[in-house]
Each structure stands twice: as C-alpha cells, then as structure tokens.
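# Descriptive analysis of the structure
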Amino acid sequence: MQKVTRLFDIPYYQLEQHNLDKSLITKRNGKWIATSTQEYVDKANAVSRGLLRLGIKPNDKIAIISLTNRTEWNIMDIGILQLGAQNVPIYPTISEEEYEYVLNHSEANYCFVSCIEVLEKVNRIKKNVKSLKGIYSFDEIDDCANWKEILKKGSDKSNQEEVEELKSKVQPTDLATLIYTSGTTGKPKGVMMSHQNIVSNVISSKERVPANENDSALSFLPVCHIFERMILYLYQYCGIEIYFAEGLDKISDNLKEVKPNMMTVVPRLLEKVYEAIIAKGSDLSGIKKNLFFWAVDVGLKFEPYGTNGWWYEFKLSIARKLIFSKWKEGLGGNLGIMVSGSAALQPRLSRIFGAAGIPVMEGYGLTETAPVIAVNDVRNHGWKIGTVGKVITGVEVKIAEDGEILCKGPNVMMGYYKDTEKTNEVIKNGYFHTGDIGEVDHEGFLKITDRKKEMFKTSGGKYVAPQLLENRCKQSRFIEQIMVVGEGEKMPAAIIQPNFDHIYAWAKKKNIVIKDNQDLIQNEKVIARIDEEVTLANENFAKWEKIKQFRLTPDVWSIEGGHLTPTMKLKRKIIKEKYIDLYNAIYEHV
C-alpha cells in the first residue's frame, strides 16, 4: 500500500493495516448492522461502477443529504471520489431555498437523500434545478429510486478497469468536495477542499488523538460538516470501529449500548449533559445532595496533571469514586476522551468533565482549514484549559497586528467555488485570514478571544467582544441562548432566549404560576431572577462591556426558525431583524 494521499486511499489502508470485521455500524430495525472493511471497499467499487454506468464523469457533482450519519454515506463518498467526481454534502435542516441554491450553484447531477423527510424537501424544488438528473434514497421509499439500484448496476465488474484508471488519475491536489458554509450572513459559500487539504489534516490530527486498535467511536455530529467528516476519515485511518448514532434524541441510549471509547462533541451538547446531571443532583436530598454538590465544587476547581497539589488530588479521588464514576457510567463507562469543536468551550465544562475522568480536548479550526488548526492533547502536558491547544504539525499560525489569527498550510482550502473575489478577501500572501482574534501564550498554546467581525464599538468608541459576554451568561441554567447587541449604541444590551424547561421547573418549586412562554417572559419574578444571573455574569467585565439591559423572547431559537446556523452559531443579523421591536424598546429611551 502506498502512502495515503487521497481520501479514497483510506479504506484500502484500513483493509491492509487493520481489516476490521466491524468498520461501519448502523442500527436498523433495532439491531446494529456491521459492514466490514472488505465489504466497505467492495461496495464503494460497486458504487463507482454503477455511477459510471449512469454517465458520471470526473468533476461531476453528486449531492448527499442525510438526516443522520450512516454507513451508506461513507460508501457513497468513496464511490464518488474514486471517479474524480466530487461529493457535495448538504445540511438536511437548511431551508428549501438553500437546498435549491446549493444544488444549482454546485450544478449537482444526482442527489442522494436519507429519508422521506429530506426527499419531500428536494421534490418541492427539483424542477428549479436544471442540472439534476435523478434522486436516490437510502431508505426504502415508494416512488423514489433506491441507492441499491446503483449497487446493482455496479454488480457487473466488467468496467472495474475503468474505475482503476480514473482512480490513478486523481491527484492529491485535485478537488474532492464542495462544502457549503452555513454563513451567518448572505448566501452559503462553496468551500473547495482538495484531497490533500483533508488528508493532511487527518494525518496531523492523528498525532493528537490517543487512539488504540479495537477502540470504538460513536458518531452523531453532522457528517456534512467538515469537523465530523474529517474525524470519520481519522477513525478509519486509525482502525477504529465507527457506530452511527440513531439521532440526538437517542444518544444517551446509544452510549450505553455501544460503550464507545471516544466521540466528538459540541459545547452545547456538553452543556445539556451537565445541566441534566445537575438537575438530577438538585432532586437529591440530605447527605446525598450535599455529597453530590461537594463533588461538583471539587470538580469545578480541576486542573490537569495534578497542578492543584496532593490534597486536592486526594479529594478528587474521593469525588471520582463516589460521584463522578456514576457520570462516566451514564455515558457508557468506557468513554476516555471527547474532542470538542465548532464553538468556544466554557472552561468550567473542561474542568468538570476532566475531573470526572472524561477529558474534553478542545480544538479550533474552520471549514476553510479542513478544519483543524490547533487541538489539545491529554498526553505529554499538551492540555491547557481555556485554550484550543497547540498548532498541529505542518500548519503555521501567526497573529496579525490587529490580533487576527492567520493560518498557512496544506489544510487551507483551494478557495470558494465560483467566487475569486471572496477567495482573495480571505487568502492573502498565502495566509488564510480566519476572522478570529487570538493569542499564542509562552508555552505555545493558542487562545481564541473573539470573532473579529462580531466585535463592535459603542457610541463612546469602546470595543465590546460579544462572544465573551455570551459564553459567560450561558453558564447560567436560566439562559439558553443570548445575543449581545449595542453596535453604535450608548451601551451593550442583550436579547435572551430563556431556558424554558429549567424555568418552568424552577417556577413550579417556587409556586409561581406560568401559563405559557409568552406569560413566562413577562413574569416579573422570572425577569428579576434572570437579572440576577446577568448581574453575576457582568462582574468580570469592564464598565463599558457590561450588559445594562435585556429583553426576553418567547421563541426557542433554532436552525429551522432561522436563528442559528447548522453549527449552532447565532445568525446575528436575522435575530436582530426578528426582534427589532425588542431592540428598539431597549434603546429608545437611552
């Protein structure tokens, strides 16, 4: 086996080095169904042969839209890439208008969908996509061709030589995939990623992941996002069994069934897990409750590598034995590491999960950087809470005069598809301009302080970094989402989506009657309680940075509602437009 230089080399590398009986595992009709490495490779080749018989040529585009991660996605991916064609993954939860835009912009020839829900959205806009020749589904759906028809077309191996010839022509620097960024403003941009962009990131990231043969991983973050997709390639490269979660609602069950050794997470999921654990602890009584919160208090002071000294480590060992061991058991019992990306991780979550013996390795990167620029490593003192770790091998980072993080390396994208102007805006002199503000400390750890584009000036000329305030406020169990506003205004303020579940439970205990969300956001006691939380969050900020006023919204902020991008980032412009009356009410008398 030659060196892995193209994405489709990875399953062949796994076949030679690890040859798993269970490479990709998906649950069907209540049973986990495993695909071996050999089956994976064989089916990918069948897909390639079938696509050739459909008329697919190098540089054709094939879209895949799946509500959940699944074996079929990965087989299709390799089958497409082997021909020198490109895979265009699309977020399943975006609007029909965005489906239409991406399919048209990419000029997709075929679209593979997971299920009836996605199919119905595609069917409603397919007449507006001139390039689209056909739709196939992974699930068995009436009146829709099934992906097995491609496998059937490819069952005749007589054109395998043509597949091999096309494979041999694919260069590492060739385009592999178009990943459309969810963009907080404007139309999605098609990020052009070469095989080399992603393969280099897989190989460099492997140095930071303590993976062992026979380990297993649970995959649930959207594979249409580069973070999870790169990780899936990394798992395959390392010979790790990949179980695909049934969905967000089944993660708890799947963790207990699969008992994985590792998984990727986003901060919001960890917040939810932590809140659920704390809620259970709050329901205890007497000595059990006291012991639980004593352990939490110990955990929130955690520092890696015994930095706090022997007395702290002694208390931690007791907390782990009596309390934290149950947390770990609830997450399957074998989870040794989680890798977090996509948004800033609150240090308290790093501490508490680290204390519980399930360290969270926070990393940093963007779609345009394939994605990893830096990541923590629990080994060899490579983990520092409050940072995103050290820059990975082969990647260069420098901090511009205004504090912006600039990145150079084989992981930096080829550019934005059909958009030279936007490409030239972000890649200058070989460096990709991330739009993030950060610093590298004396030990080489990278710390992100804010988004350059999201920083704003008040009318007094003072800079405010909204993400810092927002992340601090979201430590409150009363606040689910928050957007700090105030550009050009006298002072910062906030629009807040309360944590409705927690507040309803709190109100019940306090004998406060609340009829619905509209009633909740107008309740004086609720407003006063959230004001306490905001005041507490303000404590560590300068006078001009503090949130002076806020307004509550009755809606749950969601991707479907247009408040959030598929990676759970705030769509600031849209949120402000949706709640312009609340915004105006804050500032009209200031």
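Residues numbered from 1 in each chain as written. Predicted model: local features only at pLDDT ≥ 70, side-chain atom pairs only at ≥ 80, totals over all residues. Heavy atoms only, no water.

Turning our eyes to something else, we now look at the overall build of the protein. When helices and strands are tallied, the protein shows 21 helices and 27 strands. Out of the 590 residues in the protein, the part that is buried amounts to 56%. Within the protein, contacts between residues separated by at least 24 positions form 66% of all contacts whose residues are at least 6 apart in sequence. With an accessible surface of roughly 25,800 Å², the protein has 50% of that area assigned to carbon and sulfur atoms. Treating the 79 positive side-chain charges of the protein as one cloud and the 76 negative ones as another, the clouds have centres 3 Å apart. (Helix = DSSP H or I, 4+ residues; strand = E, 2+ residues; numbered from the N terminus. Buried < 20%, exposed > 50% of the residue type's maximum accessible area, 1.4 Å probe, protein only. Contact = heavy atoms within 4.5 Å. Areas by Shrake-Rupley, 256 points an atom, 1.4 Å probe, with all protein chains shown as cover. Lys, Arg positive; Asp, Glu negative; His and termini not counted. Charge placed at Lys NZ, Arg CZ, Asp CG, Glu CD.)

Next up on the list: the nonpolar core. Ranked by size, the top nonpolar core spans 121 residues in total, and within it Leu51, Met76, Phe112, Ile198, Phe324, Trp327 and Met338 carry the most contacts. Per-element accounting of this core gives the leading share, ten residues, to helix H9 (residues 226–238). If sequence neighbours within four positions are ignored, Leu51 has contacts with Ile56, Ile62, Met76, Gly79, Ile80, Leu83, Phe112 and Ile150. One finds Val88, Val102, Val118 and Leu178 within the second-largest nonpolar core, a separate group that totals 28 residues. (Core = buried A, V, L, I, M, F, W, Y, C linked by side-chain atoms within 4.5 Å.)

Once that is clear, we can look at the pairing of strand S15 (residues 372–375). Across three bridges, strand S14 (residues 360–365) lies against S15 in antiparallel orientation. Opposite Tyr364, over in S15, you have Ala374 as the bridge partner. The pairing of S15 with strand S16 (residues 390–391) spans two bridges and is classified as antiparallel. Its bridge partner being in S16, Val375 is matched across the sheet by Lys390. (Pairing = 2+ DSSP bridges.)

With that settled, the discussion passes to the packing of helix H1 (residues 9–17) against helix H2 (residues 37–54). Direction vectors running N to C along H1 and H2 enclose 150 degrees, while the axes themselves pass 9 Å from each other. As the angle between them shows, H1 and H2 are arranged roughly antiparallel. For H1 against H2, the interelement crossing comes out left-handed. Between H1 and H2, the residues in contact are Pro11, Tyr12, Gln14 and Leu15 and Thr37, Gln38, Tyr40, Val41 and Asn45, respectively. Partitioning the contact of H1 with H2 into residue classes produces five nonpolar, four polar and no charged. (Axes fitted to C-alpha atoms, helices over the stretch in contact; angles between N-to-C directions. Parallel < 35°, antiparallel > 145°, perpendicular 65-115°, else oblique. Left-handed = near helix turned anticlockwise from the far one by under 90°. Nonpolar A, V, L, I, M, F, W, Y, C, P; charged D, E, K, R; others polar.)

Relative to the elements of secondary structure, Asn254 occurs in helix H10 (residues 251–258). A polar contact of 2.8 Å, which involves the side chain of Asn254, links it to the backbone nitrogen of Glu246. Filtering out sequence-adjacent residues up to four positions away, Asn254 remains in contact with Trp32, Leu218, Ala245, Glu246 and Lys259. (Polar contact = N/O pair within 3.5 Å; in protein donor to acceptor, adjacent residues only side chain to side chain.)

Another point: the sheet that holds strand S12 (residues 262–265). The strands making up a sheet associate through hydrogen bonds between their backbones, and the pairing can be parallel or antiparallel. An order of S2-S1-S11-S10-S12-S13-S14-S15-S16 is seen for the nine strands of this open sheet, with the pairing classed as mixed. Pairing within the sheet leaves two strands with one partner each, and these edge strands are strand S2 (31–35) and S16. Seen against the sheet, helix H11 (residues 267–282) touches S12, strand S13 (337–340) and S14 and runs at an angle of roughly 105 degrees to S12.

Let us look at the sheet that holds strand S27 (residues 549–552). Reading across from one edge, S25-S26-S27 is the order of the three strands in this open sheet, with mixed pairing throughout. Two strands bound the open sheet, and with one partner strand each, they are strand S25 (479–485) and S27. Averaged over all pairs of adjacent strands, the angle between their axes in this sheet comes to 25 degrees, without regard to strand direction. Where strand S26 (residues 493–498) meets S27, four bridges bridge the pair, whose relative direction is parallel. Bridge pairing in S27 places Ala493 opposite Gln549.

Attention shifts here to the packing of aromatic side chains. The geometry of an aromatic ring pair is captured by two quantities: the separation of the ring centres and the angle between the planes. Tallied over the entire structure, the rule returns 15 aromatic pairs. Consider the rings of Tyr110 and Tyr136, whose centres lie 6.2 Å apart with planes at 50 degrees: the pair is tilted. Taken together, the residues Tyr110 in strand S5 (residues 110–113) and Tyr136 in strand S6 (residues 134–137) connect sequence positions 26 residues apart. The interplanar angle of 80 degrees and the centroid separation of 4.9 Å between the aromatic rings of Phe292 and Phe293 together place this pair among those described as edge-to-face. A relative accessible area of 30% means that Phe293 is categorised as partly exposed. Among the aromatic residues, ring-to-ring pairing joins Tyr110, Phe112, Tyr136, Phe138 and Trp147 into one connected group. (Phe/Tyr/Trp six-rings, centres within 6.5 Å; stacked < 30°, edge-to-face > 60°.)

Our next topic: the pattern of salt bridges. In the structure shown here, the tally under the stated rule is 27 salt bridges. Two residues, Asp9 and Arg6, come together in a salt bridge whose shortest N-O distance is 3.0 Å. On the basis of relative accessible area, Asp9 is assigned to the buried category, the value being 6%. Given a relative accessible area of 15%, Arg6 falls into the buried group. Taking the shortest distance from any N to any O, the salt bridge between Lys384 and Asp441 comes out at 2.7 Å. You can see Lys384 sitting in the loop between S15 and S16 and its partner Asp441 sitting in the loop between strand S21 (431–440) and strand S22 (446–451), a full 57 residues away along the chain. On the basis of relative accessibility, which here comes to 24%, the residue Asp441 falls in the partly exposed class. Taken together, the shared-partner salt bridges in this structure form one network comprising Lys27, Glu246, Lys250 and Glu257. (Salt bridge = Lys/Arg side-chain N within 4 Å of Asp/Glu carboxyl O.)

Another point: the environment of Arg551. Following the sequence through the fold, Arg551 ends up in strand S27. For Arg551, a relative accessible area of 25% translates into the label partly exposed. Residues Arg551 and Asp142, 409 residues apart in the sequence, show an inter-C-alpha distance of 48 Å. Setting aside chain neighbours within four positions, we find Arg551 in contact with Ala494, Ile495, Ile496, Leu582, Ala585 and Ile586. Among the polar contacts made by the side chain of Arg551, one reaches the main-chain carbonyl oxygen of Ala585 at a distance of 3.5 Å.

Before going further, it helps to examine the environment of Ala355. With respect to the element layout, Ala355 can be found in helix H14 (residues 347–355). The spatial distance from the C-alpha of Ala355 to the C-alpha of Met568 is 27 Å, given a sequence separation of 213 residues. Once you skip the residues sitting within four places of it in the chain, Ala355 turns out to touch Gly299, Phe302, Leu316, Arg320 and Phe324.

A few words now on the side chain of Thr423. Among the secondary structure elements, Thr423 is positioned in helix H15 (residues 420–426). Looking at Thr423, its side chain comes within polar contact range of the main-chain oxygen of Asp419, at 2.9 Å. Setting aside residues up to four positions removed in sequence, Thr423 forms contacts with Gly415 and Tyr416.

All right, on to unusual backbone geometry then. The bulk of non-glycine residues show a negative phi, and the bulk of peptide bonds are trans. That bond from Ala370 to Pro371 is cis: its omega, -15 degrees, falls within 30 degrees of zero. Assignment of secondary structure puts Pro371 in the loop between S14 and S15. Of note, the phi angle at Asn19 is positive, near 40 degrees, even though the residue is not glycine. Here Asn19 lies in the loop between H1 and strand S1 (24–28). In this structure Asn19 comes out as partly exposed when scored by relative accessible area, which is 43%. A positive phi angle, close to 60 degrees, is found at Lys418, a residue other than glycine. Mapped onto the secondary structure, Lys418 falls in the loop between strand S19 (415–416) and H15. Classification of Lys418 as partly exposed rests on a relative accessible area of 46%.

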